[in-house]
Amino acid sequence: MSERILVTGGAGFIGSHLCEVLLDAGHEVLCVDNYFTGRRENIFHLMDNKRFEMMRHDVSQPLHVEADRIYNLACPASPVHYQFDPVQTVKTSVMGAINVLGLAHRLRVPVLQASTSEVYGDPHIHPQIESYWGNVNPIGPRSCYDEGKRCAETLFFDYHRQHKVDIKVIRIFNTYGPRMHRNDGRVVSNFIVQALEGKDITIYGNGQQTRSFCFVDDLVDGMVRMMATEHGFTGPVNLGNPVEQTIASLAETIIRLVGSKSKIVYRPIPTDDPMKRKPDIELAQTKLQWTPAVKIEHGLLRTIDYFEKLLSGVSADIHVPVLRDLHASMMTPVARAS
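Please read all numbers here as calculations on a predicted model, not as lab measurements.

## Focus on the nonpolar core
So, step 1. Residues Ile14, Leu18, Tyr71, Val188, Phe191, Met223 and Leu239 are the most contacted members of the largest nonpolar core, which totals 61 residues.
So, step 2. With residues near it in sequence (within four places) discarded, Leu18 still touches Val7, Tyr71, Leu73, Val220, Met223 and Val224.
So, step 3. One finds Val59, Leu63, Ala104 and Val165 within the second-largest nonpolar core, a separate group that totals 26 residues.

## Some points on the packing of aromatic side chains
So, step 1. Inspection of the entire model under this criterion finds five aromatic pairs.
So, step 2. Taken together, a centroid distance of 5.4 Å and an interplanar angle of 65° make the contact between Tyr176 and Phe215 edge-to-face. Linking Tyr176 in strand E7 (residues 175-176) with Phe215 in strand E10 (residues 214-215), this pair joins segments that are 39 residues apart in sequence. No difference in accessibility class separates Tyr176 from Phe215, as the two residues are buried.

## Quick word on the pairing of strand E1 (residues 4-8)
So, step 1. In terms of burial, E1 is a largely internal element, four of the five residues being buried.
So, step 2. By the bridge criterion, five bridges tie E1 to strand E2 (residues 28-33) in an arrangement that is parallel. Each bridged residue has a counterpart across the sheet, and for Val7 the counterpart in E2 is Cys31.
So, step 3. Taking the sense of rotation as the criterion, the β-α-β connection linking E1, helix H1 (residues 13-24) and E2 turns out right-handed.

## Things to note about the confidence of the model for the protein chain
So, step 1. Within the protein chain, residue pLDDT values average 91, and 93% of them lie at 70 or more.
So, step 2. Per-residue pLDDT stays below 50 along residues 318-338; that stretch engages in 68 contacts with residues further than four places along the chain or on separate chains.

## Observations concerning the packing of helix H6 (residues 187-196) against helix H10 (residues 296-312)
So, step 1. Contact geometry of H6 with H10 gives a least axis separation of 10 Å together with a crossing angle of 55°. Classified by the angle their axes make, H6 and H10 are oblique. The way H6 lies across H10 gives a crossing that is right-handed. Note on element contacts: H10 touches H6 through Leu300, Thr303, Ile304, Phe307, Glu308 and Leu311, opposite Val188, Ser189, Ile192, Val193 and Leu196.
So, step 2. Grouping the constituent residues of the contact of H6 with H10 by class yields eight nonpolar, two polar and one charged.

## Quick look at the pattern of salt bridges
So, step 1. Counting across every chain of the model gives 19 salt bridges.
So, step 2. Here Arg179 makes a salt bridge to Glu20, at a shortest N to O gap of 2.8 Å. With Arg179 in the loop between E7 and H6 and Glu20 in helix H1, the pair connects residues that are 159 residues apart, well separated along the chain.
So, step 3. Residue Arg179 is classed as buried on the basis of its relative accessible area, which comes to 1%.
So, step 4. Here Arg302 ties to Asp217 by a salt bridge, and the two come within 3.2 Å at their closest N and O atoms. Of this pair, Arg302 sits in helix H10 while Asp217 is found in helix H7 (residues 216-227), placing the two residues 85 residues apart along the sequence.
So, step 5. Classification of Arg302 by relative accessible area gives buried; the value is 18%.

## A few points about the environment of Gly140
So, step 1. Looking at the element boundaries, Gly140 is found in the loop between strand E5 (111-116) and helix H5 (143-163).
So, step 2. For the pair formed by Gly140 and Thr271, sequence separation is 131 residues and the distance between their alpha carbons is 7.6 Å.

Reading guide: rules and limits
Residues numbered from 1 in each chain as written. Predicted model: local features only at pLDDT ≥ 70, side-chain atom pairs only at ≥ 80, totals over all residues. Heavy atoms only, no water. Core = buried A, V, L, I, M, F, W, Y, C linked by side-chain atoms within 4.5 Å. Buried < 20%, exposed > 50% of the residue type's maximum accessible area, 1.4 Å probe, protein only. Contact = heavy atoms within 4.5 Å. Phe/Tyr/Trp six-rings, centres within 6.5 Å; stacked < 30°, edge-to-face > 60°. Helix = DSSP H or I, 4+ residues; strand = E, 2+ residues; numbered from the N terminus. Pairing = 2+ DSSP bridges. Right-handed = clockwise from strand over helix to strand, strands pointing away. pLDDT = per-residue confidence, 0-100. Axes fitted to C-alpha atoms, helices over the stretch in contact; angles between N-to-C directions. Parallel < 35°, antiparallel > 145°, perpendicular 65-115°, else oblique. Left-handed = near helix turned anticlockwise from the far one by under 90°. Nonpolar A, V, L, I, M, F, W, Y, C, P; charged D, E, K, R; others polar. Salt bridge = Lys/Arg side-chain N within 4 Å of Asp/Glu carboxyl O.

And the structure:
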């Protein structure tokens, strides 16, 4: 059945892919974004779709719309962007959560919160399981994002307990793919752009810190599956690729795939940068029947192709409705490992 679905942050990297998949499934989509990190280019190819509507709005302000379901993705997600205006980052996470929860409560509709693996901080257990409370610095330069998202989760569960709002909470681990911002400071986009331009690949730290990289198609699949779970299943649920690798090995893979002559250089590691990050996805496998399918090299090749076209001035948008059948049935960049 076709529904009207609200996606906040819908012009962003992940949000634009989600909007696309929901449209492919026959839904109406209301995309809300203030364009701080979201871009019109990400959704331009959707504008002619009669079932797609765009609204420029900041979720830290009340939102008065109608919808059957809500996906809340609104928040800058890379250190370069969320540290640019840390107070606004906290407002987006906290006030944004209050506003979308209030809307969901009024409309009596389910709402999904796109939380983050950053709620685990620099973890003391490995891999990270949903029951782990985390190891987060509440006053560091990353705290505006980490603690903002933790507070948002608190609000979601309090609205669920107090007002019986049907909530779904996911924790997103490192995700990459087409439509990443070239200057967002995240490791995959920075390494690819540097390799394509023949510049040195900059690694912060010794390169032995680890991450687990999930392709955006897999992530969106997990998000839609989570929204489709039965009433009362709240999560949180980890969504990420459990295949762990070092940042140094990622750099070497990208250099090889690009065919670049770039060299790797090392710089001091940023404050509070986690040393390890790997999701335990047993809950997602059990409840969502979800496991990432895209291998890292395949995903990197698609992402490299996107940035290659972007840097050459060619239209870089990639629209691959890989989940159509499934869903029809239901500043200066500073490379960090985040």
